[in-house]
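Here's the letter readout for the chains.
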Amino acid sequence: MTATENVAAAVPAATFTDAMSRLVSGLAVVTTRQASGRPCGLLVSSICSYSVDPPSVLVVVDHASRCREPLTHCVEFGVHVLGSAQERTARTFASRGADKFADIAWEWDGAVPRLCSAPIYLRCNVTAVFDHGDHTILIGEVTRTEVREAEPLVFYRRLFDWRLRGNGVRQL
């Protein structure tokens, strides 16, 4: 047994998942164009700044996601960091609904579906894709950025209805 196998065996998945649910994170919708030409998108909480030079982000996608295949084969994708007024958008893109874009204001930005109401939009070129465990990691070099002021939508303890207030996080 390797050291990695030994550590993995010592931590039950449910315990790890519960521990990580207590990590406060922002929420973002990641979008791209499918081979059919239709838009696809999913909600992610595993996203972070990866590099400043060149400006890059790291996005993690579950292997079970229907958007995984289009994202692993695309040239460009969009990252839409959600604001506190976008809980409905978060729930839509977290769902397994057939047409998540039906009731969302969006437009094409080249080959990238761009959500019109997201306070932060990053258009990215894919620079690396690799699998680890049950997820795929995408590294995207940011080629366009749009930022508008908004309170963030915060994901904490598996709930979307948290807001940053004062010196802590509170549920509404």
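In case you missed it, the structure is sitting above this.
Keep in mind that this is a model prediction, so the values were computed, not measured. (Residues numbered from 1 in each chain as written. Predicted model: local features only at pLDDT ≥ 70, side-chain atom pairs only at ≥ 80, totals over all residues. Heavy atoms only, no water.)

## Remarks on the overall build of the protein
Our working definition: In this description a helix means any DSSP run of H or I spanning at least four residues, a strand means any run of E spanning at least two, and both kinds are numbered starting from the N terminus. Here the term buried applies to any residue with accessible area under 20% of the maximum for its type, exposed to any over 50%, and partly exposed to those in between, with areas from a 1.4 Å probe on protein chains only. Contacts between residues were defined by any pair of non-hydrogen atoms, one from each residue, lying within 4.5 Å. To measure how exposed things are, a 1.4 Å probe is used in the Shrake-Rupley method; for residues, cover is taken only from the protein chains shown.
Looking only at helices and strands, one finds four helices and 13 strands in the protein. Burial statistics for the protein: of 172 residues in total, 38% are counted as buried. The contacts of the protein with a sequence gap of at least 6 include a subset with a gap of at least 24, amounting to 61%. Here the protein has roughly 9,700 Å² of accessible surface; of this, 54% comes from carbon and sulfur atoms.

## Some remarks on the nonpolar core
What counts is decided by this rule: What is meant by a nonpolar core is a set of buried Ala, Val, Leu, Ile, Met, Phe, Trp, Tyr and Cys residues, joined one to another through side-chain atoms within 4.5 Å.
By size, the foremost hydrophobic cluster in this structure holds 17 residues, and its most contacted members are Val30, Val59, Leu71, Phe77 and Val79. Apart from the residues lying within four places of it in its own chain, the contact partners of Val30 are Cys40, Gly41, Leu42, Val44, Val59, Leu71, Phe77, Gly78 and Val79. Counting residues in hydrophobic clusters, the runner-up holds ten residues, among them Leu82, Ala90, Phe93 and Phe101.

## What about the packing of aromatic side chains?
Spelled out, the test is: The rule is short: rings of Phe, Tyr and Trp, with Trp giving its six-membered ring, pair when the centres are within 6.5 Å, and they are stacked under 30 degrees, edge-to-face over 60, tilted in between. Only when the NZ atom of a Lys or the CZ atom of an Arg is both within 6 Å of the ring centre and within 35 degrees of the ring normal do we say a charge sits over the ring.
Applying the stated rule across the entire model yields three aromatic pairs. On the basis of an interplanar angle of 65° and a centroid distance of 5.2 Å, the ring pair of Phe101 and Trp106 is categorised as edge-to-face. The partly exposed category is assigned to Trp106, whose relative accessible area is 27%. Taken together through their ring pairs, the aromatic side chains of Phe93, Phe101, Trp106 and Trp108 make up a single cluster. The side chain of Arg114 reaches across the aromatic face of Tyr121, ending 5.4 Å from its centre.

## Re the side chain of Arg114
Worth spelling out the cut-off: Counted as a polar contact is a pair of N or O atoms within 3.5 Å, where, for protein atoms, one must be capable of donating a hydrogen and the other of accepting one, and residues adjacent in sequence contribute only when both atoms are in side chains.
If you trace the backbone, Arg114 turns up in strand β8 (residues 112-115). Separated by 2.6 Å, the side chains of Arg114 and Glu146 make a polar contact. Setting aside residues no more than four positions away along its own chain, Arg114 makes contact with His80, Ala105, Trp106, Glu107, Asp109, Tyr121, Glu146 and Arg148.

## Some remarks on the sheet that holds strand β6 (residues 76-81)
Where we set the bar: The pairing criterion for strands is at least two bridges between them, as found by DSSP. In this description, a line fitted to the C-alpha atoms serves as the axis of each element, helices being fitted only across the stretch in contact, and the angle between N-to-C directions of two axes falls anywhere from 0 to 180 degrees.
Taken in spatial order, the seven strands make up an open sheet running β3-β2-β6-β9-β10-β5-β4, and their pairing is antiparallel. For this open sheet the edge positions go to β3 (39-44) and β4 (47-52), each flanked by a neighbour on one side alone. Within this sheet the neighbouring strands show an average axis-to-axis angle of 35°, counted without direction. As defined by bridge partners, strand β5 (residues 55-62) adjoins strand β10 (residues 135-147) across seven bridges and the pair is classed as antiparallel. Counted as the bridge partner of Ser56 is Glu141 from β10.

## A look at the pairing of β4
In terms of strand pairing, β4 meets β5 through five bridges, oriented antiparallel. Note that in β5 the partner of Ser51 across the bridge is Ser56. Between β4 and β5, which pair antiparallel and follow one another directly, the connecting turn spans two residues.

## Regarding the environment of Asn125
Topologically, Asn125 is positioned in strand β9 (residues 120-132). Between the C-alpha atoms of Asn125 and Phe77, which are 48 residues apart in sequence, the distance is 6.6 Å. When residues no more than four places from it in sequence are discounted, the contact partners of Asn125 are Val75, Glu76, Ile139, Gly140, Glu141 and Thr143.

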